[in-house]
Amino acid sequence: MELSQEHQPPTGSANLRIGAAVAQVEGLYSALRTTAPGARRDRLMADLARAGRRLAAVTEATASASGGAADGGTVVPPRSRWQRRRALAARGAGWLAARTGP
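Residues numbered from 1 in each chain as written. Predicted model: local features only at pLDDT ≥ 70, side-chain atom pairs only at ≥ 80, totals over all residues. Heavy atoms only, no water.

1. Points about helix α2 (residues 39–65)
We apply this condition: For helices the rule is a DSSP run of H or I covering at least 4 residues; for strands it is a run of E covering at least 2, with both sets numbered from the N terminus onward. One fewer than the residue count of a helix, multiplied by 1.5 Å, yields its expected span. Buried, partly exposed and exposed residues are distinguished by accessible area as a fraction of the type maximum, computed with a 1.4 Å probe on protein chains only: under 20%, between the cut-offs, and over 50%, respectively.
Helix length check: α2, at 27 residues, gives a terminal C-alpha distance of 39 Å against a target of 39 Å (1.5 Å per residue), a fit within 8%. Considered for burial, the residues of α2 that qualify are L44, L48, A49, A51, G52, L55, A56, V58, T59, T62 and A63.

2. Overview of the environment of R53
In this fold, R53 is placed in helix α2. Sequence spacing of R53 and V25 is 28 residues, and the spatial spacing of their C-alpha atoms is 9.9 Å.

3. Considerations on the side chain of N15
Filter applied, for reference: Only heavy atoms matter for contacts: two residues are in contact if any of them lie within 4.5 Å across the pair.
Considering the arrangement of structural elements, one finds N15 in helix α1 (residues 11–33). Residue N15 is classed as buried on the basis of its relative accessible area, which comes to 11%. For N15, the contacting residues outside a window of four places in its chain are W82 and R86.

4. Details of the environment of L44
Turning to its location among the elements, L44 is positioned in helix α2. Here L44 falls in the buried class, since its relative accessible area comes to 7%. Spatially, the C-alpha atoms of L44 and L28 are 6.5 Å apart, while their sequence positions differ by 16 residues. Among all residues touching L44, those that are not within four sequence positions of it are L28, A31, L32 and T35.

5. Describing the packing of α2 against helix α3 (residues 81–100)
Convention followed: Every angle, taken between N-to-C directions, lies between 0 and 180 degrees, and every axis is a line fitted to C-alpha atoms, over only the stretch in contact when it is a helix. In what follows, roughly perpendicular refers to angles from 65 to 115 degrees, roughly parallel to angles under 35, roughly antiparallel to angles over 145, and oblique to any angle outside these ranges. The hand of a helix crossing depends on one turn: near helix anticlockwise from the far one by less than a right angle means left-handed, and clockwise means right-handed. Any residue that is not Ala, Val, Leu, Ile, Met, Phe, Trp, Tyr, Cys, Pro, Asp, Glu, Lys or Arg is counted as polar, Gly included; the first ten are nonpolar and the last four charged.
For the pair α2 and α3, interaxial distance at closest approach is 8 Å and the crossing angle is 135 degrees. With respect to α3, the element α2 is oriented oblique. The crossing of α2 and α3 is left-handed. Along its contact with α2, which presents A49, G52, R53, L55, A56, T59 and T62, the element α3 presents R86, A89, A90, A93, L96, A97 and T100. Class assignment of the residues belonging to the contact of α2 with α3 gives a composition of eight nonpolar, four polar and two charged.

Structure representation (structure tokens):
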């Protein structure tokens, strides 16, 4: 089955993209915590910075597509479990981007 360009992906796909980005950050952070100083640790830190920027981009795109406040403005309190997870992911992505950005 071929999808037309007008077809919008279901909301669940945004949650999957956010979940995948969060899992990547968590995995890299776990690996970083158990790695001794050296070249491998430096690579992990660079990968973690990229994953944090990716998470920030995914959550920002999702928030702007759904009408959320990705710019730090007024945020409507999340009601569902998925909305809470998305809000936490956005907050964590912002935190990571602020600490790893240029």
